[in-house]
Amino acid sequence: MGALVSTSPGTAHASAVGSTPVQTFEYSVGGATMKVPTGCMFTHIIRGGGKKITYQNAGVDCAFVAALGSGFCNWRIDFAYADTNNRTYRTSRGKTHYECKIDPMRNNRPQTLPRYGKACAHLYVTGVRRVSQCHHITK
């Protein structure tokens, strides 16, 4: 989860970085079985203040044996925003990339959220959500 730092009363400045391990999984592409081994982390970075997001990025970094694999095929990264009752009110769906990539990554545009809650990044591989990482957006 993210951290919020306040430099003066009423002015919130947030910078949060969080990483979640990608669990090992197998999937099929064109009849071939692909395996994502242990050693990959899904990282979500968010910067801004209050409900204003000035920078947002999410991607996968792999190390050791995982970095030698074929990676993630037919992948996309979505950014989703939920209110304090955990109701998703906006999703920025990423483009599906049909090539295989060991380090998929996506940036999202700056924006001002209509309410506090949380911002999440989700990695999908062949249409299945494989890992998520969220940050709370608070006053």
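The structure reproduced in this document is the subject of the present report.

What counts, and where the lines are drawn
- Residues numbered from 1 in each chain as written.
- Predicted model: local features only at pLDDT ≥ 70, side-chain atom pairs only at ≥ 80, totals over all residues.
- Heavy atoms only, no water.
- Helix = DSSP H or I, 4+ residues; strand = E, 2+ residues; numbered from the N terminus.
- Buried < 20%, exposed > 50% of the residue type's maximum accessible area, 1.4 Å probe, protein only.
- Contact = heavy atoms within 4.5 Å.
- Disulfide = S-S within 2.5 Å.
- Phe/Tyr/Trp six-rings, centres within 6.5 Å; stacked < 30°, edge-to-face > 60°.

Here the focus is the environment of Ile 77. Following the sequence through the fold, Ile 77 ends up in strand 7 (residues 72-83). Using a relative accessible area of 0% as the deciding quantity, one classes Ile 77 as buried. In the structure, Ile 77 is positioned 28 residues away from Met 105 in sequence and 7.5 Å away in space, judged by C-alpha atoms. When neighbours within four sequence positions are excluded, Ile 77 is seen to be in contact with Phe 42, Ala 58, Gly 59, Ser 92, Arg 93, Gly 94, Pro 104, Met 105, Arg 106, His 122 and Leu 123.

We now examine the state of the cysteines. Scanning the model with the defined rule gives 3 disulfides in all. Each sulfur of the disulfide joining Cys 40 and Cys 62 lies 2.0 Å from the other. On the sign convention where negative means left-handed, the S-S torsion of about 105 degrees between Cys 40 and Cys 62 marks this disulfide as right-handed. Taken together, the residues span a long stretch of sequence, with Cys 40 in strand 5 (residues 40-49) and Cys 62 in strand 6 (residues 52-62) at a distance of 22 residues.

Turning to the packing of aromatic side chains, a few remarks are in order. This model, assessed by the stated rule, comprises 2 aromatic pairs. Pairing Phe 25 with Tyr 27 gives two aromatic rings, centres 5.6 Å apart and planes at 35 degrees, and the pair type is tilted. You'll find Phe 25 and Tyr 27 in the same group, each marked buried. Judged by centre distance (6.4 Å) and plane angle (40 degrees), the ring pair of Phe 25 and Phe 72 falls under tilted. Taken together, the positions of Phe 25 in strand 3 (residues 25-29) and Phe 72 in strand 7 put the pair 47 residues apart, joining distant regions of the chain. Through pairs of rings, three or more aromatic residues link up here, namely Phe 25, Tyr 27 and Phe 72.

Keep in mind that these numbers describe shape and distance, not what the molecule does.
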